[in-house]
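The lines below spell out each chain.
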Amino acid sequence: MDGRRTATLAGFVGALAVLAVLVWVVGVDRTLSALLSADPVALGLVGAVAVVWLTAWGLALWSVLRALGSPVRPYVAVLVYAGAVFANNVTPFGQAGGEPLSALLISSAADTEYETGLAAIASVDTVHFVPSVGFAIAGFTFVTAGAVQLGRNLVFAAVAVAALAVGLPVAGFLGWRYRYELEAAVVRLLTPAIRWFGRTVPKWTPPTADTIAARIESFFAAIERIATDRKTLLQTLGFSGLGWASLACSLWLSLYAVGHAVPVSVALLVVPVGSIASLAPLPGGSGAIEAVLVTLLVSTTAVPGAVAASAVLIHRGATYLFPLLLGAAVASALGADRATASEQG
């Protein structure tokens, strides 16, 4: 546990260091000046849009849980999703690092199996890629149509859009096509490690290889159940699309707040591409996401670097810090409930 806390603390220190370097490069005084002169009404709208984003993606989780036979009230799903965002934001590699903890929070809130919670959050995160590809392609099309030539950063954006549009679907298809081979490989790799862990930890009986295989099969069965439910897919895609539109609106409003109205297509391109940086080994991709957003804004608009940095800090303050604080409260409450249930059991 101490090692995990140390790693998390080191990650936050790294993220703050990256942000500090970013602000230093574009100009500390100019960035602060832009932040202090921001329109308070626009700042309020940024906060409201952030709430819409979190609510939309929470309702996407609500839709998936209902399809899996583990329904919760819509407001509970929104709060639990805030807890999942908190998990993603305090662990390295974004969703990839936070999904195990997110699954634990979901299974606790929905009173369901861990595999069902993992399938739910994995499905929601996978569905999110579909609207992001559409927004990125649409934004890139309009941005490049107005560009005289593709600069180096726009070439980077083109590669990132291609990765979203081609690489991720191909990886998902191959993973699903060879899911049984993947299951066998996971069982082979995990069983020895879990047995060793079981011999080390007193009063704990490790699961057998058959139990591990059954749990993995349960996870894949839940994924297949969602994939074949057209109504759930369409509903979840709708909530996901609303969330992405809200994120793009948040960035646009943040730029407007510091005195720069940019084409909507820029926000539609920059937000999905910037989300790829969440895979960086920093808590929630912090530092990396901001750097990518500022770089793309400067390369696609006439916005100065310091102003772009101030707008990105406003945008990320609403879409990172707000769910971080709310999610921490939710995670603490669910953890306390779980501990109480364990003591009573």
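Residues numbered from 1 in each chain as written. Predicted model: local features only at pLDDT ≥ 70, side-chain atom pairs only at ≥ 80, totals over all residues. Heavy atoms only, no water.

## Some points on the overall build of the protein
The condition is simple: Counting from the N terminus, the helices are the DSSP runs of H or I reaching at least four residues and the strands are the DSSP runs of E reaching at least two. Residue exposure (1.4 Å probe, protein chains only): buried if accessible area is under 20% of the type maximum, exposed if over 50%, otherwise partly exposed. Two residues qualify as a contact provided that any one of their heavy atoms is within 4.5 Å of a heavy atom in the partner residue. Working definition of accessibility: Shrake-Rupley area with a 1.4 Å probe, residue cover restricted to the visible protein chains.
When you go through the protein residue by residue, the secondary structure sums to 13 helices and zero strands. Along the protein, from the amino end to the carboxyl end, the secondary structure elements read α-α-α-α-α-α-α-α-α-α-α-α-α. Relative to its 345 residues, the protein shows a buried fraction of 46%. Partitioning the intrachain contacts of the protein with sequence separation of at least 6 by distance along the chain shows that 73% fall at a separation of at least 24. On the protein, roughly 17100 Å² of surface is accessible, and the fraction owed to carbon and sulfur atoms is 68%.

## Here we look at the pattern of salt bridges
For clarity, the threshold we go by: The rule for a salt bridge is simple: a side-chain nitrogen of Lys or Arg has to be within 4 Å of a carboxyl oxygen of Asp or Glu.
One pass over the structure, following the stated rule, counts one salt bridge. Between Glu290 and Arg316 there is a salt bridge, with the nearest N and O atoms lying 2.8 Å from each other. Taken together, the residues Glu290 in helix H12 (residues 288-300) and Arg316 in helix H13 (residues 305-344) connect sequence positions 26 residues apart. According to the relative accessible area criterion, Glu290 is buried, its value standing at 4%.

## Quick notes on a nonpolar patch on the surface
Using the following cut-off: Patch membership needs two things, relative accessible area over 30% and no salt bridge, and members are linked within 9 Å if like-charged or within 5 Å if nonpolar (Val, Leu, Ile, Met, Phe, Trp, Tyr).
A cluster of nonpolar residues, Val166, Val170 and Leu174, forms a patch on the protein surface that exposes about 240 Å² of accessible area. Mapped onto the secondary structure, Leu174 falls in helix H7 (residues 152-177).

## Quick word on helix H3 (residues 40-67)
Put simply, the rule reads: Expected helix span is computed as 1.5 Å times (number of residues minus one). Within 3.5 Å is the distance limit for a polar contact, defined as a pair of N or O atoms, with the added protein rule that one can donate a hydrogen and the other accept it, and that residues adjacent in sequence qualify only through two side-chain atoms.
For H3, spanning 28 residues, the distance from its first C-alpha to its last is 41 Å, which sits close to the expected 40 Å at 1.5 Å a residue. N-cap assignment for H3: the residue whose side-chain oxygen lies 3.0 Å from the backbone N of Val41 is Asp39. Immediately downstream of H3, the backbone of Gly69 shows phi near 80°, a positive value.

## Things to note about the confidence of the model for the protein
Detailed conclusions should not be drawn from predicted coordinates in areas where pLDDT is low. Heads up, the condition is: Each residue carries a pLDDT score, the predictor's own confidence in it, on a scale running from 0 to 100.
When the pLDDT values of the protein are averaged, the result is 76; 65% of them are 70 or greater. Predicted confidence for residues 339-345 stays below pLDDT 50, and this span has zero contacts to residues more than four positions away or in other chains.

## A closer look at the nonpolar core
What counts here: Residues belong to one nonpolar core when they are buried, are Ala, Val, Leu, Ile, Met, Phe, Trp, Tyr or Cys, and are joined through side-chain atoms within 4.5 Å.
Counting residues in each nonpolar core, the largest one holds 64 residues, and the members touching the most others are Trp57, Leu61, Tyr81, Val270 and Leu297. Every element with two or more residues in this core is listed here: H3, helix H4 (74-90), helix H5 (95-110), helix H6 (114-145), helix H10 (230-257), helix H11 (264-275), H12 and H13. Per-element tally for this core: the top contributor is H3, with 14 residues. Phe86, Leu105, Tyr320 and Val330 belong to the second largest nonpolar core, which has eight residues in total.

## Overview of the packing of H10 against H11
Using the following cut-off: Note on geometry: axes are lines fitted to C-alpha atoms, helical ones only across the stretch in contact, with angles between N-to-C directions running from 0 to 180 degrees. By definition in this entry, angles of less than 35 degrees are roughly parallel, angles greater than 145 are roughly antiparallel, angles of 65 to 115 are roughly perpendicular, and the rest are oblique. In this scheme the crossing of two helices becomes right-handed for a clockwise turn of the near helix relative to the far one and left-handed for an anticlockwise turn of less than a right angle. Polar here means any residue outside two lists: the nonpolar Ala, Val, Leu, Ile, Met, Phe, Trp, Tyr, Cys and Pro, and the charged Asp, Glu, Lys and Arg; Gly therefore counts as polar.
The contact between H10 and H11 brings their axes to 9 Å, and the two run at 115°. On the basis of the axis angle, H10 is roughly perpendicular to H11. Considering how the two elements wind past one another, H10 and H11 form a crossing that is right-handed. Contacts from Trp244, Leu247, Ala248, Leu251 and Trp252 of H10 reach H11 at Val264, Ala267, Leu268, Val270, Val271, Pro272 and Ser275. A class-by-class count of the residues in the contact of H10 with H11 yields eleven nonpolar, one polar and no charged.

## Looking at the packing of aromatic side chains
Under the convention used in this document: Pairs were defined over the aromatic rings of Phe, Tyr and Trp, the Trp ring being its six-membered one, requiring ring centres within 6.5 Å. Orientation was assigned from the angle between planes: stacked under 30 degrees, edge-to-face over 60, tilted for the rest.
If you walk through the whole model with that rule in mind, you get four aromatic pairs. Each ring, one from Trp53 and one from Trp57, has its centre 5.8 Å from the other, and the planes form 65°; the classification is edge-to-face. Of the two residues, Trp53 and Trp57 both sit in helix H3, four residues apart, roughly one turn of that helix. The exposure class assigned to Trp53 is buried, which follows from its relative accessible area of 5%. Taking 5.5 Å as the distance between ring centres and 10° as the angle between the ring planes, the aromatic pair formed by Trp252 and Tyr256 counts as stacked. Of this pair, Trp252 and Tyr256 are both found in helix H10, four residues apart, which corresponds to roughly one turn of the helix.

## Focus on the environment of Asn88
Mapped onto the elements of the fold, Asn88 is located in helix H4. Using a relative accessible area of 8% as the deciding quantity, one classes Asn88 as buried. Residues Asn88 and Leu101 lie 13 residues apart in sequence; the distance between their C-alpha atoms is 8.5 Å.

## Some points on H11
The end-to-end C-alpha separation of H11 is 17 Å, in line with the 16 Å expected for twelve residues at 1.5 Å each. Extensive coverage of H11 is indicated by the burial of ten of its twelve residues. Residues of H11 that are buried: Ser265, Val266, Ala267, Leu268, Leu269, Val270, Val271, Pro272, Val273 and Gly274.

## Describing the side chain of Thr319
Of note, Thr319 is situated in helix H13. Owing to a relative accessible area of 7%, Thr319 belongs among the buried residues under this scheme. At 2.9 Å, the side chain of Thr319 forms a polar contact with the backbone oxygen of His315. The contact partners of Thr319, leaving out residues within four places of it in the chain, are Ala50, Trp53, Leu247 and Ser250.

## Considering the packing of H6 against H10
Running from amino to carboxyl end, H6 crosses H10 at an angle of 55°, the nearest separation of the two axes being 8 Å. Taken as axis vectors, H6 and H10 run oblique relative to one another. The chirality of how H6 crosses H10 is right-handed. Counted together, Val127, His128, Val130, Pro131, Ser132 and Phe135 of H6 and Leu233, Thr236, Leu237, Ser240, Gly241, Trp244 and Ala245 of H10 form the full contact between these two elements. When grouped by side-chain class, the residues that make up the contact of H6 with H10 number eight nonpolar, five polar and no charged.

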